[in-house]
Amino acid sequence: MLCKTALIGSVLTGTIAALAATTSPTVLDRADVDADTFGDACRTIAGKKWVAPKDVRACFTSISVSPKAKDNIIEVVDKTLAAFHTSRYYQKRAPQPFAAEVGVDLDSEFARMRRTRYSSEYEFHLDFSRTIKRLNDGHAGYINACYDSVYLTLVPTPLVLLTDKRGDQYVHIAPEAWDLVSSSFSDQIDVWQNALPGNLRGKLKSLSGAKVLKINGQDPFKVVNAHAQVAGAFQGVGARQNGFFASYRAANGGGFNYVPGEFAQKSLPLEDSVTLTIQRIDSSKTDTVTLPYRSLLATGQTWTDKASFRQNLCVAQPDTNGEDWYSRGFATESDPPESPLFKFQQQDKMKPEDRKKWAVNVAVDSTPLSTLKLPRGPVEPTPLLSYSIVQTFLLPDKKTGVLTLGSFTAGDVYGVMMAMLDGLTELRSLGATQLIVDVTNNGGGIICLGHWLHRILAGAKSTTEPQAGLDTILRAGPLVQRLVKAVNEGKDDSWMTAYHTSWYRFPNNTDVPENYNYLLPIDNRRINDERVEFSPRLIDRCQPFWVDMPTKPIFPTNKVAIVSNGRCASTCAMLSIAMSKQEGSKTVVVGGVDNVKQQYCGIVGGESTDFVAMDFSVKSLKMKNHPLAPPDFITNSMQGITFRLGLGIWNRHEPEEWQDHPADYQIPLTAETVNKPYAVWSEVAKTVFKR
Ligand SMILES: *[C@@H]1O[C@H](CO)[C@@H](O)[C@H](O)[C@H]1NC(C)=O
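Residues numbered from 1 in each chain as written. Predicted model: local features only at pLDDT ≥ 70, side-chain atom pairs only at ≥ 80, totals over all residues. Heavy atoms only, no water.

1. Observations concerning the packing of aromatic side chains
Alright, step 1. The full count for this structure, using the stated rule, is 30 aromatic pairs.
Alright, step 2. Summarising the aromatic geometry, the rings of Phe60 and Phe309 are spaced 6.1 Å apart at their centres and angled 40° between planes, so their arrangement reads as tilted. Of this pair, Phe60 sits in helix α3 (residues 53-61) while Phe309 sits in helix α12 (residues 306-314), and the two are 249 residues apart along the sequence.
Alright, step 3. For Phe60, a relative accessible area of 1% puts it in the buried group.
Alright, step 4. On the basis of an interplanar angle of 80° and a centroid distance of 4.8 Å, the ring pair of Phe128 and Tyr142 is categorised as edge-to-face. Of this pair, Phe128 sits in helix α6 (residues 121-133) while Tyr142 is found in strand β2 (residues 142-144), placing the two residues 14 residues apart along the sequence.
Alright, step 5. Residue class for Phe128 comes out buried when judged on its relative accessible area of 0%.
Alright, step 6. Owing to a relative accessible area of 6%, Tyr142 belongs among the buried residues under this scheme.
Alright, step 7. Ring-pair connections join several aromatic residues into one group, and the members of that group are Phe60, Tyr122, Tyr147, Tyr151, Trp303 and Phe309.
Alright, step 8. In this arrangement the basic side chain of Lys211 is found over the ring face of Tyr170, its NZ or CZ atom lying 3.9 Å from the centre. (Phe/Tyr/Trp six-rings, centres within 6.5 Å; stacked < 30°, edge-to-face > 60°. Helix = DSSP H or I, 4+ residues; strand = E, 2+ residues; numbered from the N terminus. Buried < 20%, exposed > 50% of the residue type's maximum accessible area, 1.4 Å probe, protein only. Lys NZ or Arg CZ within 6 Å of the ring centre and 35° of its normal.)

Rendered as structure tokens:
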């Protein structure tokens, strides 16, 4: 398999980082750091594992907004999204079917926020990060590690959406709530037990499974919808609603992680408590309970007071910005960088050296991947095969095989390729004739692993060879043209930047030669009254795979069902779309509000990356002084982008991102199936593979 040779990300590690820390012009003015430690709210919470959300807010809001930091954040993000992000101008007013879902004029939003006076930097962060979230694009995530997921703010009552025997949908406290809380948050249970009123005091367990009639006095569906308006991450409203609820994700190394959902787990200390009006299982009366949110420390960074909080968490850190590879004299064998955004990418761990080999397409979220364990049910089949991110199962019907994938990224890429092939071949040899691929909450990952799975599922044919994925285009505005010109002039002779020709291949399956300007002829698109320049179409460099593989499909592709909660993003989306549109596979969304159209995937993208990688390319190609180049962040901020945009399969000229992906089946969840993957798969097999 061909490997990408350029390095994505900054390159600061170890001693180099220490060197950069002393030389980088990143710290805020001394005057910005308030000197007083009297009543220091950050000192109050320092070193504590669990604290009240209001105490976290007291620390956050004690940091006054520096006009310099605010303008800097706006300028870096504005210029990054303007020069490099493929989707900025589409997102001003998205095409159908997403016209009602995505429409943010960032120019006027940035101008508004420049004018607005904020009482604290935290208040600005709320406004800024929500504005970026409204793009509903998980690739364009903005994170400020001074605030986002410093704490995870939790209540012990994750919610689920269940359909009863009459077909009516109600919000419930998750049936597994107590099992989760007693195993994962046992050191905080007393606080919640004691918060329960009167005869319910100490009986948190009895709330599991309860029907939720009101949330803070409101119809629960109203609360779900209000949340979907600010949740971000997916274009389709169904996927944003579904993120409110608890779900699971296949874990790396076997088993499943528990995803508490955005009601029960928040990346910011937004709320102090929630009041639920509930009807418990086997109870005919309603109870009203108020449970406190509690904030759980979730960063490895430490502080003792406000000054050290700011210094360690809020100002730019050594890896916040890119570096000029060629002026630092890096040894090429030095470990590639860990961009701080990697922590927020929704994929499993990658080896640092793989970062420069494998392009990824992956969602970013202000909450890192959950490490909670899905509470186990009483009857659990063991997987036939469990290797890294790959697990396979055979259902009791002996006809249905299951492959689970929580992301498309693994520490051992070739091992995972073999595990996919071996696992599927074994299922077939055991008599399975149909396959469920469970990609619930799969945020994407290595693009070529998606291509690989498509190729082995569908066999050798024109849709899988020489390339199995989408053709892509990248932005080609004046700054990018200068970067590629510099590459063509030999200014990237170590093949380090994102624009090096070695990353790119023409649609006729020949590699772009080193001195070739692959941006020409420029594809000028008119998008929402803006002229936006893109490259001609290019393809991924995944093949040949250099591995023996069957030429025939392992399962008939119309006997393959791709199953998720609609939150299948990026590489997961590209794979699902290719399997659905090109190979006739079935798509299934499990759960979801029943009068809402469920997209089987979202945020297709093409290849994603971040500000650090762009800054690394800009600096290494000596373009930092270009007027369109973003300056360095002076805060501990990060910005993701869609770097290459996948073009459509059916509508070939337009991005796949904005095309409709309605699920073939929407299967409701019940108290018996919710968050029980094995039960879900049997239900899917019955519904999809009947006849
Ligand atoms: C492939 O396409 C590129 C770009 O259009 C062209 O320059 C090149 O000559 C083509 N190569 C072959 C072998 O057709």
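Now that the structure has been shown, we can carry on.
2. Digging into the state of the cysteines
By definition, a disulfide links the sulfur atoms of two cysteines through a covalent bond.
Alright, step 1. Under the definition given, this model contains 4 disulfides.
Alright, step 2. Note on cysteine connectivity: Cys42 is disulfide-linked to Cys59, with sulfurs 2.1 Å apart. Because the sign of the S-S torsion sets the handedness, a value of about 90° for the bond joining Cys42 and Cys59 places this disulfide among the right-handed ones. Of this pair, Cys42 sits in helix α2 (residues 41-45) while Cys59 sits in helix α3, placing them 17 residues apart in sequence.
Alright, step 3. Residue classification places Cys59 among the buried positions, given a relative accessible area of 0%. (Disulfide = S-S within 2.5 Å.)

3. Here's the deal with the pairing of strand β23 (residues 586-590)
Regular strands show a simple pattern: their side chains alternate between the two faces of the sheet.
Alright, step 1. With 5 of its 5 residues buried, β23 lies for the most part within the structure.
Alright, step 2. With burial as the criterion, each face of β23 is covered, one bearing Lys586, Val588 and Val590 and the other bearing Thr587 and Val589.
Alright, step 3. Here strand β22 (residues 560-564) runs beside β23; their pairing, made up of 4 bridges, is parallel. In the strand pairing of β23, Ala561 is matched with Lys586.
Alright, step 4. At this point the chain moves from β22, through helix α17 (residues 571-583), to the parallel β23, and the crossover so formed is right-handed.
Alright, step 5. Direction of pairing for β23 relative to strand β26 (residues 665-667): parallel, over a ladder of 3 bridges. For Val588, the partnering residue across the bridge sits in β26 and is Tyr665. (Pairing = 2+ DSSP bridges. Right-handed = clockwise from strand over helix to strand, strands pointing away.)

4. Observations concerning the pairing of strand β8 (residues 256-259)
Alright, step 1. Bridging between strand β7 (residues 247-250) and β8 involves 4 bridges; their strand directions are antiparallel. If you follow Ala250 over to β8, its bridge partner there is Phe256.
Alright, step 2. Hairpin connection, β7 to β8: the antiparallel pair is bridged by 5 residues, and Gly253 has positive phi, about 95°.

5. Notes on the site of the ligand
Alright, step 1. The environment of the ligand is formed by Phe506, Asn508, Thr510 and Tyr516.
Alright, step 2. At 2.4 Å, a side-chain N or O of Asn508 approaches an oxygen atom of the ligand.
Alright, step 3. Computed on the free molecule, the ligand has an accessible area of 360 Å², of which 38% lies beneath the protein chains in the complex. (Near = heavy atom within 4 Å. Polar contact = N/O pair within 3.5 Å; in protein donor to acceptor, adjacent residues only side chain to side chain. Areas by Shrake-Rupley, 256 points an atom, 1.4 Å probe, with all protein chains shown as cover.)

6. A closer look at the sheet that holds strand β9 (residues 265-266)
Alright, step 1. The sheet built from 4 strands is open, its strands ordered β1-β12-β3-β9 with antiparallel pairing. With one partner strand each, in any of the chains shown, β1 (50-51) and β9 form the two edges of the open sheet.
Alright, step 2. Taken together, the 2 bridges between strand β3 (residues 151-154) and β9 define a ladder with antiparallel strand orientation. Pairing of Leu154 across the sheet is with Gln265, part of β9.
Alright, step 3. Along the sheet face, α3 touches β1, β3 and β12 (294-297) and points at about 65° away from the line of β12. (Contact = heavy atoms within 4.5 Å. Axes fitted to C-alpha atoms, helices over the stretch in contact; angles between N-to-C directions.)

7. Let's talk about the packing of helix α4 (residues 67-83) against helix α5 (residues 106-115)
Alright, step 1. One way to put it is that α4 packs onto α5 with a least axis distance of 10 Å and a crossing angle of 170°. Put simply, α4 runs roughly antiparallel to α5. For the pair α4 and α5, contact is made by Lys70, Asp71, Ile74, Glu75, Val77, Asp78 and Leu81 and by Leu106, Phe110, Met113 and Arg114, respectively.
Alright, step 2. Of the residues contributing to the contact of α4 with α5, the split by class is 6 nonpolar, no polar and 5 charged. (Parallel < 35°, antiparallel > 145°, perpendicular 65-115°, else oblique. Nonpolar A, V, L, I, M, F, W, Y, C, P; charged D, E, K, R; others polar.)

8. Here's the deal with the nonpolar core
Alright, step 1. By size, the foremost hydrophobic cluster in this structure holds 100 residues, and its most contacted members are Phe84, Phe128, Leu424, Leu453 and Tyr499.
Alright, step 2. Sorting elements by how many residues they give to this core places helix α14 (residues 413-429) first, with 8 residues.
Alright, step 3. Inspection of this core shows a minimum of three residues originating in each of domain 1 (1-147 + 299-367 + 470-539 + 606-649) and domain 3 (376-468 + 548-602 + 661-688).
Alright, step 4. Once residues within four sequence positions are removed from consideration, Leu424 is found in contact with Leu403, Leu435, Leu453, Ile456, Leu457, Ile554 and Phe555. (Core = buried A, V, L, I, M, F, W, Y, C linked by side-chain atoms within 4.5 Å. Domains from an automatic or database assignment.)

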